[in-house]
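Coordinate inspection notes
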Amino acid sequence: METQACAGSTDDRAAAPWLRPSSYWTPAHLVDSAWITHGAFAAWLIDVLRPRDVVELGTHNGFSCFAFAEAAKRLGHPITINALDSWEGDDHAGFYDDSTYRGVRAIARRDYPSSVILHRGYFSDSRPRFGVSSVDLLHIDGRHSYEDALEDYELWRDTVREGGVILFHDIVERRDDFGVWRLWDEIAEPGRSFAFHHGHGLGVVAVGTITQEPLRALFDADASVAEAIRADFERLGASIARTARIPHLEAEVSSLHRVVEMLQAERVRLSEAIVARDDALASLRASASWKVTEPLRAVSRAFRWGR
């Protein structure tokens, strides 16, 4: 689904420096995703960080991967996004068939052939392909137990070069055996991390010295500014989620129209059947046989009443 970018007003950007034009972009590919309300932040982050190399641990249906790729495409910024997943599903995301991988592969080949590389398999199998300090942005969104998230972090964190960023999804989700929140509590440091609470939570961690002023401002934000940042990106993310719902709503409306048409057709059929029945009864009552048998029906009625 292609959408137009909205620049945002100059007054907005003056009052809130984190509201860049890219903050208002809507991703081109909108799918059902737990990540969808972070789409605005994805574009902002690509804009300010300008990463050359990205690794994503856990791609599923591709929303976050394609949000990064689309932002880079609009910015004219060269990027390589390595999207890693088994595309089998798990007990948190649910299990799914091969059609999910085929759909992601089709979009990557068609729209981002020079920027998105899919690596199908387990994260540990792909780790030798990436050197130390070879990645600018690492997105950890694989299995969500504490042990799995910790393993991914420890195995991959040294791939991020100085000045890079690590993202953690689901940092506020505590149902079942989700444990990313626990890992986040252990590694988040004041002045080097930022947490979004909407969309299951998204944690942002600085690696080494951050040179981009917008990122430094994000990590240095005091409590009131941090809440304003969270509120703005939650609002922008909710707008993306509403846009994503439009095709579903259109399909629901179309389905309801079909149901109404079926009910109307059934109403016409029943009306015609009632008219046909009434005509048949009227014809019967007007017939000679009906009149001849009237005394017999009268005797039958009298017999029933007498009982």
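Residues numbered from 1 in each chain as written. Predicted model: local features only at pLDDT ≥ 70, side-chain atom pairs only at ≥ 80, totals over all residues. Heavy atoms only, no water.

If you look the chain up in an unreviewed UniProt entry, it shows as Class I SAM-dependent methyltransferase from Microbacterium oxydans.

**A closer look at the environment of Ser239**
This is how it is decided: Strands here mean DSSP runs of E at least two residues long; helices mean DSSP runs of H or I at least four residues long; both are numbered from the N terminus. A 1.4 Å probe rolled over the protein chains alone gives each residue an accessible area, and that area as a share of the maximum for its type sets the label: buried under 20%, exposed over 50%, partly exposed in between.
As for its position among the elements, Ser239 is in helix α9 (residues 223-286). Under the relative-accessibility criterion, Ser239 is labelled partly exposed at 33%. In sequence terms Ser239 and Gly39 are 200 residues apart; their C-alpha atoms lie 9.9 Å from each other.

**Observations regarding the pattern of salt bridges**
Operational definition: One side-chain nitrogen of Lys or Arg within 4 Å of one carboxyl oxygen of Asp or Glu is enough to make a salt bridge.
Evaluation of the coordinates by the stated rule reveals 16 salt bridges. One salt bridge in this structure joins Arg235 and Asp232, with 3.0 Å as the shortest N-O distance. A residue pair is termed a helical-turn pair when its members lie 3 or 4 positions apart in one helix, as Arg235 and Asp232 do in helix α9 at 3 residues. Taking the relative accessible area as the measure of exposure, Asp232 reaches 15% and is therefore buried. The structure contains a network of salt bridges with shared partners spanning Arg20, Asp47 and Arg50.

**Overview of the pairing of strand β1 (residues 53-57)**
To keep it simple, the criterion reads: Note on pairing: two strands pair once DSSP finds at least 2 bridges between them. Orienting the strands away from the viewer, one traces the path from the first strand over the helix to the second; a clockwise path indicates a right-handed crossover.
Counting buried positions along β1 yields 4 of 5 residues, so the element is predominantly enclosed. Note that β1 and strand β2 (residues 80-85) share 5 bridges and pair parallel. From the neighbouring strand, Leu57 faces β2, where its bridge partner is Leu84. Crossover handedness for the path β1 to helix α3 (residues 63-75) to β2: right-handed. Relative to strand β6 (residues 135-140), β1 runs parallel, the two being bridged by 4 bridges.

**With respect to the sheet that holds strand β8 (residues 193-196)**
This is how the line gets drawn: The axes used here are C-alpha line fits, helices contributing only the stretch in contact, and every angle between their N-to-C directions lies in the interval 0 to 180 degrees.
With respect to topology, 7 strands assemble into an open sheet ordered β5-β2-β1-β6-β7-β9-β8, the strand pairing being mixed. The sheet is open, and its two edges are formed by β5 (116-120) and β8, each paired on a single side. Each neighbouring strand pair of the sheet contributes to a mean axis angle of 15 degrees, computed without reference to strand direction.

**Quick look at the nonpolar core**
Looking at soluble globular proteins, one finds that nonpolar side chains tend to be buried together. In plain terms, the rule: Throughout, nonpolar core names a set of buried Ala, Val, Leu, Ile, Met, Phe, Trp, Tyr and Cys residues whose side chains join them through atoms within 4.5 Å. Residue contacts follow a heavy-atom distance rule, with two residues in contact if any of their heavy atoms lie within 4.5 Å.
Of all hydrophobic cores here, the largest spans 56 residues; its most connected members are Phe41, Trp44, Leu137, Leu167, Leu215 and Phe233. Among the elements that line this core, the one with the most residues is helix α2 (residues 39-49), at 9 residues. Not counting residues within four places of it along the chain, the set of residues in contact with Trp44 comprises Trp18, Arg20, Ser22, Ser23, Pro214, Leu215, Leu218 and Phe233.

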